[in-house]
Amino acid sequence: MPNYCVNTQETDGAHEVHDLTCSYLPAPEHRKTLGWFADCHGAVKEAKKTYSNADGCWHCCRPCHTR
Ligand SMILES: [Zn+2]
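The shown structure was predicted, so the numbers you read here are calculated from the model rather than taken from an experiment.

## Some remarks on helix α1 (residues 40-50)
Those residues of α1 that fall on the buried side of the exposure criterion are Cys-40, Ala-43, Val-44 and Ala-47. For α1, the buried positions fall inside an angular range of 95° around the axis, keeping them on one side. Away from its buried face, by an angle of more than 90 degrees, α1 presents the exposed residues Lys-45 and Lys-49. Where α1 is buried, its residues contact β1 (3-7), β2 (15-19), β3 (31-36) and β4 (54-56). For α1, the side-chain oxygen to backbone nitrogen distance between the N-cap and His-41 is 3.0 Å, and the N-cap itself is Asp-39.

The structure is reproduced here in structure tokens:
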């Protein structure tokens, strides 16, 4: 099960959620750990508790990328 994080900085109008194995992770100081989820949908849901405009990364969370 992948471990997810969310970018604490907004990029393109959204806080992107990443699998920690993604090649496009934000800098460590801009990552907020979300924890382990079966898929990106659970991770984005968790991220939305902090950032209502959270969205999946196009590279690692494409099924959750909506922007
Ligand atoms: Zn990513």
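There is more to say, and it comes next.
## Considerations on the coordination of the zinc ion
Coordination of the zinc ion by the protein is provided by His-18 (ND1), Cys-22 (SG), Cys-57 (SG) and Cys-60 (SG), with metal-donor distances spanning 2.1 to 2.4 Å. Expressed as a motif, the donor residue spacing for the zinc ion is H-x3-C-x34-C-x2-C. The exposure class assigned to Cys-60 is partly exposed, which follows from its relative accessible area of 24%.

## Describing the packing of aromatic side chains
What the rule picks out here adds up to one aromatic pair. Ring centres of Tyr-4 and Phe-37 lie 6.3 Å apart, and the angle between their planes is 55°; this geometry places the pair in the tilted category. A residue pair is termed long-range when its members are at least 10 positions apart, and Tyr-4 in strand β1 and Phe-37 in the loop between β3 and α1 qualify at 33 residues. In this structure, Tyr-4 and Phe-37 share a single accessibility class: buried.

## Digging into the sheet that holds β3
Where strands meet in a sheet, backbone hydrogen bonds hold them as pairs that are either parallel or antiparallel. Here we have four strands laid out as an open sheet, ordered β3-β1-β2-β4, and mixed in their pairing. Single-partner strands in this sheet number two, and they are β3 and β4. The mean angle between the axes of side-by-side strands here comes to 30°, regardless of whether they run parallel or antiparallel. Here three bridges tie β1 to β2, and the two strands are oriented antiparallel to one another. When the sheet's bridge partners are listed, Cys-5 is paired in β2 with His-18. Against the sheet, α1 makes contact with β1, β2, β3 and β4, and its axis sits at roughly 160° relative to β4, the strand it touches most.

Analysis parameters
Residues numbered from 1 in each chain as written. Predicted model: local features only at pLDDT ≥ 70, side-chain atom pairs only at ≥ 80, totals over all residues. Heavy atoms only, no water. Buried < 20%, exposed > 50% of the residue type's maximum accessible area, 1.4 Å probe, protein only. Helix = DSSP H or I, 4+ residues; strand = E, 2+ residues; numbered from the N terminus. Arc of directions from axis to C-beta. Contact = heavy atoms within 4.5 Å. Polar contact = N/O pair within 3.5 Å; in protein donor to acceptor, adjacent residues only side chain to side chain. Donors = N, O, S within 2.8 Å, 3.2 Å for Na, K, Ca; no water. Phe/Tyr/Trp six-rings, centres within 6.5 Å; stacked < 30°, edge-to-face > 60°. Pairing = 2+ DSSP bridges. Axes fitted to C-alpha atoms, helices over the stretch in contact; angles between N-to-C directions.

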